[in-house]
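# Fold and contact review
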Amino acid sequence: MFGDLKNKINQGKEELNQRMDSAYVRSTSPSKMIEIIANGNRQIIDLKVQSEIYEDTEQFEDELVITINKALEKADIMYQEEMKSVMKENMPNIPGLDGLLD
């Protein structure tokens with residue numbers, strides 16, 4: 001029983017990772033001069049920077065860090081929500097554990 005459950009969950013995780021490769025989140029800096037796209041597996045896919053921001057190195061560095069962190073946080077939230085769905089789909093119906101993954 002538990003071996004079957006483990007196999008189902010592992011298969012669900014593999015399918016989730018494949019889906020997350022093509023699921024994207026976008027993050028924009030406070031000044032709107034930096035845009036980052038990350039996938040659901042928390043990998044940076046694209047980075048766009050407007051050249052005007054290079055004039056202020058400190059602002060560029062600050063906004064880059066903020067924007068990367070925001071993109072990765074959004075990707076992580078998306079991944080966690082999808083992982084909850086995978087777990088719900090594969091968990092057996094055990095009395096008393098309803099709502100455990102909500």
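Preceding block: the structure.
These figures come from a predicted structure and were not determined experimentally. (Residues numbered from 1 in each chain as written. Predicted model: local features only at pLDDT ≥ 70, side-chain atom pairs only at ≥ 80, totals over all residues. Heavy atoms only, no water.)

### A look at the nonpolar core
Keep this limit in mind: Take the buried Ala, Val, Leu, Ile, Met, Phe, Trp, Tyr and Cys residues and link them wherever side-chain atoms come within 4.5 Å; each set so joined is a nonpolar core. Partly exposed describes any residue whose relative accessible area lies between the buried limit of under 20% and the exposed limit of over 50%, with all areas from a 1.4 Å probe on protein chains only and scaled to the type maximum. Runs of E in the DSSP output that reach at least two residues are strands. Runs of H or I that reach at least four are helices, and both are numbered from the N terminus. Any two residues whose heavy atoms approach within 4.5 Å at even a single point are treated as in contact.
Listed in full, the 9 residues of the largest apolar core are Val-25, Ile-34, Ile-36, Ala-38, Ile-53, Phe-60, Leu-64, Ala-71 and Ala-75. When contributions to this core are tallied by element, the ones reaching two or more residues are β2 (34–39) and α2 (57–90). Broken down by element, this core gets its largest block of residues, 4 residues, from α2. In this structure, Ala-75 is in contact with Val-25, Ala-38, Asn-39, Gly-40 and Arg-42, ignoring residues within four places of it in sequence.

### Details of the environment of Ala-71
Mapped onto the secondary structure, Ala-71 falls in helix α2. Measuring from C-alpha to C-alpha, the distance between Ala-71 and Ser-29 comes to 10.0 Å, with 42 residues separating the pair along the chain. Not counting the four nearest positions on each side in its chain, Ala-71 is found in contact with Val-25, Ser-27, Ile-36 and Ala-38.

### Thoughts on unusual backbone geometry
Excluding glycine, most residues fall at negative phi; most peptide bonds, likewise, are trans. Its identity is not glycine, yet Lys-32 carries a phi of approximately 70°, on the positive side. One can find Lys-32 in the loop between β1 (24–28) and β2. One non-glycine residue, Arg-42, lies in the positive phi region at around 65°. We classify Arg-42 as partly exposed; its relative accessible area is 36%.

### So, the pairing of β2
Definition in use: Each pair of strands is called paired provided DSSP finds at least two bridges between the two strands.
Counting buried positions along β2 yields 5 of 6 residues, so the element is predominantly enclosed. Bridge analysis of β1 against β2 gives 5 bridges, and the strand direction is antiparallel. Considered in β2, the bridge of Ser-27 is made with Ile-36. Where β1 hands over to β2, the hairpin turn is made up of 5 residues, of which Lys-32 adopts a positive phi near 70°.

### Remarks on the pattern of salt bridges
Condition: One speaks of a salt bridge when a side-chain nitrogen belonging to Lys or Arg is within 4 Å of a carboxyl oxygen belonging to Asp or Glu.
Taken as a whole and judged by the stated rule, the model has 6 salt bridges. Note that Asp-76 and Arg-42 form a salt bridge whose closest N and O atoms lie 3.2 Å from each other. Note that Asp-76 is positioned in helix α2 and Arg-42 in the loop between β2 and β3 (44–49), a separation of 34 residues in sequence. Glu-81 serves as the salt-bridge partner of Lys-84, at 3.7 Å between the closest nitrogen and oxygen. Residue Lys-84 and its partner Glu-81 are located together in helix α2, separated by 3 residues, close to a single helical turn. We classify Lys-84 as partly exposed; its relative accessible area is 32%. Beyond isolated ion pairs, a larger network of salt bridges with shared partners links Arg-26, Glu-35, Asp-46 and Lys-48.

### Digging into a negative patch on the surface
What counts, and what does not: Patch building starts from residues that exceed 30% relative accessible area and form no salt bridge, then joins like charges within 9 Å and nonpolar side chains (Val, Leu, Ile, Met, Phe, Trp, Tyr) within 5 Å. Computed with a 1.4 Å probe, the accessible areas rest on the Shrake-Rupley method; for each residue, only the protein chains presented here act as cover. For the charge count, each Lys or Arg is scored as positive and each Asp or Glu as negative, with His and the chain ends excluded. For charged residues, the charge sits on one atom: NZ in Lys, CZ in Arg, CG in Asp, CD in Glu.
A cluster of acidic side chains, namely Glu-52, Glu-55, Asp-56, Glu-58, Glu-61 and Asp-62, defines a negative patch on the protein surface. Relative to the elements of secondary structure, Glu-61 occurs in helix α2. Among the residues examined, Glu-61 registers a relative accessible area of 46% and is labelled partly exposed.

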